[in-house]
Amino acid sequence: MSSFSKTIYTIGYAPHTIETFIMALQKNHVSAVADVRSSPYSQFKSEFNREKLKECLQKNNIAYVFLGDTCGARVEDSSCYVNGKVDYDLVAKSQNFLEGLNRIKKGLEKFSLALMCAEKDPITCHRTILICRNIQSRNIKVKHILSDGEVEDHKNAEKRLLKLFKLHHPDLFRTEKQRLDDAYARQGEKIAYEDTESINNDWS
C-alpha cells in the first residue's frame, strides 16, 4: 500500500453565502464537492439547492456529486434504526454506507474532495461523527473548513468532542480510544435522525 496520504475536507454551508462558500473551497484547492445531505435542498438558502449549487460550482471549475443516498443522515434501511432513531454503529456496517465510502475513496484518487452538509460546526454533524470517523485512516487525512475560513485538523475536532462530554482527562480505567469511542457514541445519539412518524405509529 502506498504511504502517500490524501486529504479530505468537510464544510458546512450554513454560515456562508454562496460567494464565501466558493472562496473557502478555492482557498483550500478543493476541486470537487460531495453533497452528503439526505435531501439536497435548503429551506432558507435556495442557492444551495442541488441544481443551483451544482451549476455554480461547475462555473467555478468545481465538480459536484450527490452522495446523500448512501452517506446521508436520514437512512432508509430500517435495520439501522433502534427505537426509531438512526444508530451510527449499525449504519457504519451497512452495505449501502460502505459503498458510499468506497465512492468517496475513489473520488479522492482524482479530486481534492470536500464533504458538504449544512451544520456550521463539524462535530455537530454526521459528516464528522459518522462519515469522517469511518473514513480516516493512515492514508486519508481529514480536515474541516470552519466558518471563519480556518482549517481544523480532525484530531483537534476529536479533542473538542472529548471536552464536550468532559472525557478529555486521563482515566485510569479507560484508554483515550475508549473515551473517544464513548464521545462519538454520545454525540451520535444526540444528533442522529429520529423517525418520529414511526415512533408515533408504534404508540397509536
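Everything in this summary refers to the structure shown in the same document.

What counts as what
- Residues numbered from 1 in each chain as written.
- Predicted model: local features only at pLDDT ≥ 70, side-chain atom pairs only at ≥ 80, totals over all residues.
- Heavy atoms only, no water.
- Helix = DSSP H or I, 4+ residues; strand = E, 2+ residues; numbered from the N terminus.
- Buried < 20%, exposed > 50% of the residue type's maximum accessible area, 1.4 Å probe, protein only.
- Contact = heavy atoms within 4.5 Å.
- Pairing = 2+ DSSP bridges.
- Axes fitted to C-alpha atoms, helices over the stretch in contact; angles between N-to-C directions.
- Core = buried A, V, L, I, M, F, W, Y, C linked by side-chain atoms within 4.5 Å.
- Phe/Tyr/Trp six-rings, centres within 6.5 Å; stacked < 30°, edge-to-face > 60°.

Before going further, it helps to spend a moment on the environment of Val65. Its place among the elements puts Val65 in strand E3 (residues 63–66). Take Val65: its relative accessible area is 27%, and that puts it in the partly exposed class. Spatially, the C-alpha atom of Val65 lies 9.4 Å from that of Arg50, the residues being 15 residues apart in sequence. Contacts of Val65, omitting those with residues within four sequence positions, involve Val33, Ala34, Asp35 and Arg103.

Sheet strands associate in pairs through backbone hydrogen bonding, adopting either a parallel or an antiparallel arrangement. If you walk across this open sheet you meet the six strands as E3-E2-E6-E1-E7-E8, and the pairing is mixed. Unpaired on one side and paired on the other, E3 and strand E8 (151–153) mark the two borders of the sheet. Between one strand and the next, the sheet's axes are offset by a mean angle of 30°, whatever the strand orientation. Sheet strands touched by helix H1 (residues 18–27): strand E1 (6–12), strand E2 (32–35), strand E6 (113–117) and strand E7 (140–145). Its angle to E1, the strand with the most contacts, is close to 165°.

This brings us to the nonpolar core. With 38 residues, the main nonpolar core has Ile8, Phe97, Ile104, Leu115, Ile131 and Leu161 as its most contacted residues. Counting residues per element, the ones that place at least two in this core are E2, helix H4 (88–93), helix H5 (95–108), E6, helix H6 (126–135), E7, helix H7 (154–164) and helix H8 (176–191). At five residues, the largest contribution of residues to this core is made by H6. Dropping the residues within four chain positions of it, Leu115 is found in contact with Ile8, Tyr9, Thr10, Ile11, Ala34, Val36, Ile104, Arg127, Ile131 and Cys132.

Attention shifts here to the packing of aromatic side chains. All told, the structure shown has two aromatic pairs when counted by the stated rule. Relative to Phe48, the ring of Tyr13 lies with its centre 4.6 Å away and its plane at 20°, an arrangement referred to as stacked. Pair noted here: Tyr13 is in the loop between E1 and H1 and Phe48 is in the loop between E2 and helix H2 (50–59), with a separation of 35 residues, a long-range link. Aromatic side chains Phe21 and Phe48 sit 5.2 Å apart centroid to centroid with 90° between the ring planes, which places their arrangement in the edge-to-face category. Here Phe21 is found in helix H1, whereas its partner Phe48 is found in the loop between E2 and H2, with 27 residues between them in sequence. The structure contains a cluster of three or more aromatic residues connected by ring pairs, namely Tyr13, Phe21 and Phe48.

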